[in-house]
Each structure stands twice: as structure tokens, then as C-alpha cells.
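Chain residues, written in single-letter form:
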Amino acid sequence: QVQLVESGGGLVQPGGSLRLSCVASGSIFSILDMGWYRQAPGKQRELVAAMATDGRTNYADSVKGRFTISRDNAKNTVYLQMNSLKPEDTAVYYCNADILTIATSTYLLYWGQGTQVTVSS
């Protein structure tokens, strides 16, 4: 059984910062890509940022220069540092990860339960 648990969301004023964390736990053998998605009310879930094990990153154009993804492979944790936040960044943020468990022979995609980020004055 694998769980991804996000934390760090909340209410912040425009121009402020937040740092999200996501910890993967369970019978994990290996993790490939880890990433962050978000879903605003009435919109589709979209990629925010992703990071491979070799450090390669991919960002949505809307967050480039403001958000930074990082990971601690020893702790099975991925972070999202969000600076210069805008009202349009308001959404539920989800982390995901491609994980190989001891019980399976292939990597499966797991999702966290989401954490709310609200940017408002």
C-alpha cells in the first residue's frame, strides 16, 4: 500500500509565498518522476511542475520563474516552492509519483489527496 500526503497549503495574499510538501510512504521500492498538478473550480487538472530522478524539470508556462520544484529522494519527498503568488494560482494542488512497490512488477501512478491553495487579499 502506497500513500502520498501533501501539506503546506493555505490562504496567502497576492505576492506571497507558500511551500508545499508531499511525502510518499509504504512498501516503496523505487520512484521515478514526481510532480505537482492543480485543479481550479470548473477547470481541468493541469500540470504545474514535474521532476525526474536525474533532476530534469518541466514547468507550466504560467509558473515559470515563480515556482520551483525539488525533491529529496532519501525521504521520498517532493516540494513545490511557490513565490509571487497570484489569485489565478488558487486551486487544489495534487502531487503524484510513478512508484514501483515490492508487490508489483511495474511502475504505477499514485496521487495524493490534494491541498487547497487560496491566493486572495
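All figures in this text were calculated on a predicted structure; none of them were measured in a lab. (Residues numbered from 1 in each chain as written. Predicted model: local features only at pLDDT ≥ 70, side-chain atom pairs only at ≥ 80, totals over all residues. Heavy atoms only, no water.)

Quick one: what's the story with the overall build of the protein chain, residue by residue and with numbers?
A tally of helices and strands in the protein chain yields 0 helices and 11 strands. Ordered by position in the sequence, the α and β elements of the protein chain form the string β-β-β-β-β-β-β-β-β-β-β. For 121 residues, the compact-globule estimate of 2.2 N^0.38 gives 14 Å, and the protein chain sits close to it at 14 Å. The burial tally for the protein chain puts 42% of its 121 residues in the buried class. Residue pairs at least 24 apart in sequence account for 56% of intrachain contacts in the protein chain once pairs closer than 6 positions are excluded. (Helix = DSSP H or I, 4+ residues; strand = E, 2+ residues; numbered from the N terminus. Rg over C-alpha atoms; globule rule 2.2 N^0.38 Å. Buried < 20%, exposed > 50% of the residue type's maximum accessible area, 1.4 Å probe, protein only. Contact = heavy atoms within 4.5 Å.)

So what's going on with the pairing of strand β5 (residues 46–51)? Residues and values would help.
Note: strand β4 (residues 28–39) against β5, 5 bridges, orientation antiparallel. Each residue of the ladder has a partner; that of Arg38, found in β5, is Glu46. Where β5 and strand β6 (residues 57–59) come together, 3 bridges link them in antiparallel fashion. Counterpart to Ala49 in the pairing with β6 is Tyr59. The hairpin formed by β5 and β6 contains 5 residues between the paired strands, and Gly55 there has a positive phi angle of roughly 95°. (Pairing = 2+ DSSP bridges.)

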